[in-house]
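Commentary on secondary and tertiary structure
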Amino acid sequence: VFYINISEKIEKDNWKGNFKAKILDSNLKLNFNYIDNILFIKDSFFRSKNLSFKNKSLITLDPYFETEANFVIDDINIKLLKKLNFEKFLSFKNIIKKVNSKNKISFKSKKFSQTLINKLNLRIDLSYGRLNLNKLLSIEDSNFQCSGVINLLEEFPLFDFNCKISTLDKKKFLKIFNI
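Below: a short report on this structure. Please read these numbers as outputs of a predicted model, since none were measured by experiment. (Residues numbered from 1 in each chain as written. Predicted model: local features only at pLDDT ≥ 70, side-chain atom pairs only at ≥ 80, totals over all residues. Heavy atoms only, no water.)

1. Things to note about the overall build of the chain
Looking only at helices and strands, the chain has four helices and 11 strands in total. For the chain, the proportion of its 179 residues judged to be buried stands at 26%. Long-range pairs, those at least 24 residues apart, make up 25% of the contacts in the chain between residues at least 6 apart in sequence. Accessible surface, the chain: about 13,500 Å² in total, of which carbon and sulfur atoms supply 57%. With 32 positive and 19 negative side-chain charges, the chain shows a separation of 7 Å between the mean positions of the two kinds. (Helix = DSSP H or I, 4+ residues; strand = E, 2+ residues; numbered from the N terminus. Buried < 20%, exposed > 50% of the residue type's maximum accessible area, 1.4 Å probe, protein only. Contact = heavy atoms within 4.5 Å. Areas by Shrake-Rupley, 256 points an atom, 1.4 Å probe, with all protein chains shown as cover. Lys, Arg positive; Asp, Glu negative; His and termini not counted. Charge placed at Lys NZ, Arg CZ, Asp CG, Glu CD.)

Put into structure tokens, the structure is as follows:
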């Protein structure tokens, strides 16, 4: 079930409104502005039993598809990430080469949560099948800083990356991973 409320039509291709959807066990709410083939999404909120996040996006529909998004993850079930099928994703090469996107994803664990990750900042840029990734991850008093690039259009894509780990307490860091 979903509802679209267009609260204001300014001109022919200029609209304002909001969108609400309930699909299976998830809820999505957002406000939008559509101006000359550009969709501005603001105050977006998604919630399901495995994931909840806030989002602001800019989606350009013409002359080509391009997105810029900023996701703030409130809660995530890490087991959800294990279910992702990257091989299936890579089978859509015709679509991958047409999508240009710039995404920022951030997560900060709640004070008393049981998550291993304290803080995560990701920047994922996809352009013509080339994916650039920058990641800053904090676990306890340790920071992981990684960057990498991969061409998803190649028959056998290789991920070229560089990571740096800095920690204040080496023993505490190794204990986290049972080493």
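2. Focus: the state of the cysteines
If you walk through the whole model with that rule in mind, you get one disulfide. Between Cys146 and Cys163 runs a disulfide, and the two sulfur atoms are separated by 2.2 Å. Since a negative S-S torsion denotes a left-handed disulfide, the Cys146-Cys163 link at about 120° is right-handed. Residue Cys146 is located in strand β10 (residues 142–151), and its partner Cys163 is located in strand β11 (residues 160–167); the two are separated by 17 residues in the primary sequence. By relative accessible area, which is 14% here, Cys146 ends up buried. (Disulfide = S-S within 2.5 Å.)

3. Quick notes on a nonpolar patch on the surface
A grouping of Ile78, Leu81, Leu84, Phe86 and Phe89 is seen on the molecular surface, where their side chains present a nonpolar patch of about 500 Å² in accessible area. One can find Phe89 in helix α2 (residues 86–90). (Patch = residues over 30% accessible without salt bridge, like charges linked within 9 Å, V, L, I, M, F, W, Y side chains within 5 Å. Salt bridge = Lys/Arg side-chain N within 4 Å of Asp/Glu carboxyl O.)

4. Brief notes about the nonpolar core
Membership of the largest hydrophobic core comes to 13 residues, with the highest contact counts inside it found for Leu51, Phe53, Ile73, Leu120, Leu137 and Phe144. Residue assignment for this core shows that the elements contributing at least two residues are β5 (51–60), β6 (66–76), β7 (100–108), β8 (119–127) and β9 (130–139). Counting six residues, the second largest nonpolar core, distinct from the first, contains Phe19, Ala21, Leu30 and Phe32. (Core = buried A, V, L, I, M, F, W, Y, C linked by side-chain atoms within 4.5 Å.)

5. Re unusual backbone geometry
Located in the positive-phi region is Asp43, a residue other than glycine, with phi close to 50°. With relative accessibility at 52%, the residue Asp43 sits in the exposed group. If you check the backbone angles, Tyr128 has positive phi at about 50° while not being a glycine. If you trace the backbone, Tyr128 turns up in the loop between β8 and β9.

6. Quick notes on the packing of aromatic side chains
Going through the model one piece at a time under the given rule, you end up with four aromatic pairs. Judged by centre distance (5.3 Å) and plane angle (25°), the ring pair of Phe46 and Phe53 falls under stacked. Both rings, one in Phe159 and one in Phe161, keep their centres 5.5 Å apart while their planes meet at 20°; by these two values the pair is stacked. What makes Phe161 exposed here is its relative accessible area of 52%. Among the aromatic side chains, those forming a connected cluster through ring pairs are Phe46, Phe53 and Phe71. (Phe/Tyr/Trp six-rings, centres within 6.5 Å; stacked < 30°, edge-to-face > 60°.)

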